[in-house]
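Results of the structural survey
Each chain, written out:
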Amino acid sequence: MISGFILSVLVSLLFAVYAIPRKFSTQNVILYTMWMGVAYFVGTAAAVPALWGGGFERAENLASPWHSLTVARGGVWVLGMAMYNLAIDKIGLTRFNQWKNVQGPVGSLLILFVVSENVTGTKVLFLALGMTVMLLSAMFFQIRLETDRGKTAARSGVLCALGAGVCFGVAALLNSVVSSVKITGERFILSQLLYHSASLVVISALTYIILGGKLGGESGAKERFFEVFKVDKKTYLPFIAGGMYMLAAFLTIYSYRLIPNNAVPWSITQLNVFWTILAGVFIFKEIDFKKHFLRLAIGTVAAIVACALLFFAM
């Protein structure tokens, strides 16, 4: 139980920290997502066969048609990750995270009605309250930007963060469906990581090659094909982010196993809100702490209350 708690806190930290490398990168968001996927896939492709071959984990059926949903999840995740990184670029870590965290209520609501057999009015009420308080928290962190350019960036950044949250909520549903034995007849856990990470790389690369001209790239499709394989001096940034995400994905699996009630580790990982706020305010100075102390304090408390409400909705 204690080990599960520690792992859950570590996961919450990783889910906050893996956003930080984007603060130092100007790489096209699709290419950035692709290189994240490369790191995620490399780590997963090394770890999963070792766990299966060593007898540490039960081997799973890689030929199951259910994995097509995981590939679809990869496509949704690429879209969400692109908007995630755009939101960081436009409004910073402190402001974007609260809007992005609608993924919790959205994912919980979808899972509750599609996967869960225990749908009650009480759970729906807690979900609605959790989402309302989470959005209220986000509004407190949306410190007004005075210039017209800043206001435009803020609006588009909020929309990107909300879009990312919805995408990640849908991805959580697809993950839950493929993981559910009562739906699939089998349990797919580690195999999902393989398909998810591989699909991120392929879908991101194809998206950039085909649509790069509409995503800020001026070169043609042929040139973009070769750009996909180009490693520049800042490629290590998304690679680090992808590595942290991969580690968080594995630790999430084991934290769920160590704590009987899955709602507990899920709620603990939502502490990423707190870590992101700390990084945005105190490391990157995105918001003046002394000037906006009251708003930041109310927003932080509201985020914690929202997580507590979502715990009771699980």
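Above: the structure in question.
Because the structure is a prediction, the values reported are computed rather than measured. (Residues numbered from 1 in each chain as written. Predicted model: local features only at pLDDT ≥ 70, side-chain atom pairs only at ≥ 80, totals over all residues. Heavy atoms only, no water.)

Before going further, it helps to spend a moment on the nonpolar core. One finds Tyr18, Trp77, Tyr84, Phe96 and Leu190 to be the most contacted residues of the largest nonpolar core, which totals 47 residues. Going through the elements one at a time, helix H1 (2–17), helix H2 (29–53), helix H3 (67–100), helix H6 (148–179), helix H8 (190–211) and helix H10 (236–258) are the ones with two or more residues in this core. In this structure Leu190 touches Val48, Leu51, Trp52, Glu57, Glu60, Phe250 and Ile253, once residues within four positions along its chain are discounted. In terms of nonpolar packing, the next biggest core, distinct from the first, is built from 11 residues, Val29, Met34, Trp35 and Ala82 among them. (Core = buried A, V, L, I, M, F, W, Y, C linked by side-chain atoms within 4.5 Å. Buried < 20%, exposed > 50% of the residue type's maximum accessible area, 1.4 Å probe, protein only. Helix = DSSP H or I, 4+ residues; strand = E, 2+ residues; numbered from the N terminus. Contact = heavy atoms within 4.5 Å.)

Attention shifts here to the environment of Val29. Secondary-structure assignment places Val29 in helix H2. The exposure class assigned to Val29 is buried, which follows from its relative accessible area of 13%. Spatially, the C-alpha atom of Val29 lies 9.9 Å from that of Pro238, the residues being 209 residues apart in sequence. Sequence-distant contacts of Val29, defined by excluding residues within four places in its chain, comprise Arg22, Ala82, Asn85, Leu86 and Asp89.

On to the packing of aromatic side chains. How two aromatic rings sit relative to each other is given by the distance of their centres and the angle of their planes. Applying the stated criterion across every chain, the model contains 14 aromatic pairs. Where Tyr18 meets Tyr84, the ring centres are 5.6 Å apart and the plane angle is 15 degrees; that geometry is what we call stacked. Of the two residues, Tyr18 is situated in the loop between H1 and H2 and Tyr84 in helix H3; the sequence distance between them amounts to 66 residues. Accessibility assignment for this pair places Tyr18 and Tyr84 in one class, buried. Here the aromatic cluster, defined as three or more aromatic residues joined through ring pairs, consists of Phe15, Tyr18, Tyr40, Trp77, Tyr84, Phe96, Phe168 and Tyr245. Above the face of the Phe284 ring, Lys23 is positioned so that its terminal group lies 5.1 Å from the ring centre. (Phe/Tyr/Trp six-rings, centres within 6.5 Å; stacked < 30°, edge-to-face > 60°. Lys NZ or Arg CZ within 6 Å of the ring centre and 35° of its normal.)

Function cannot be inferred from these measures alone, as they are strictly geometric.
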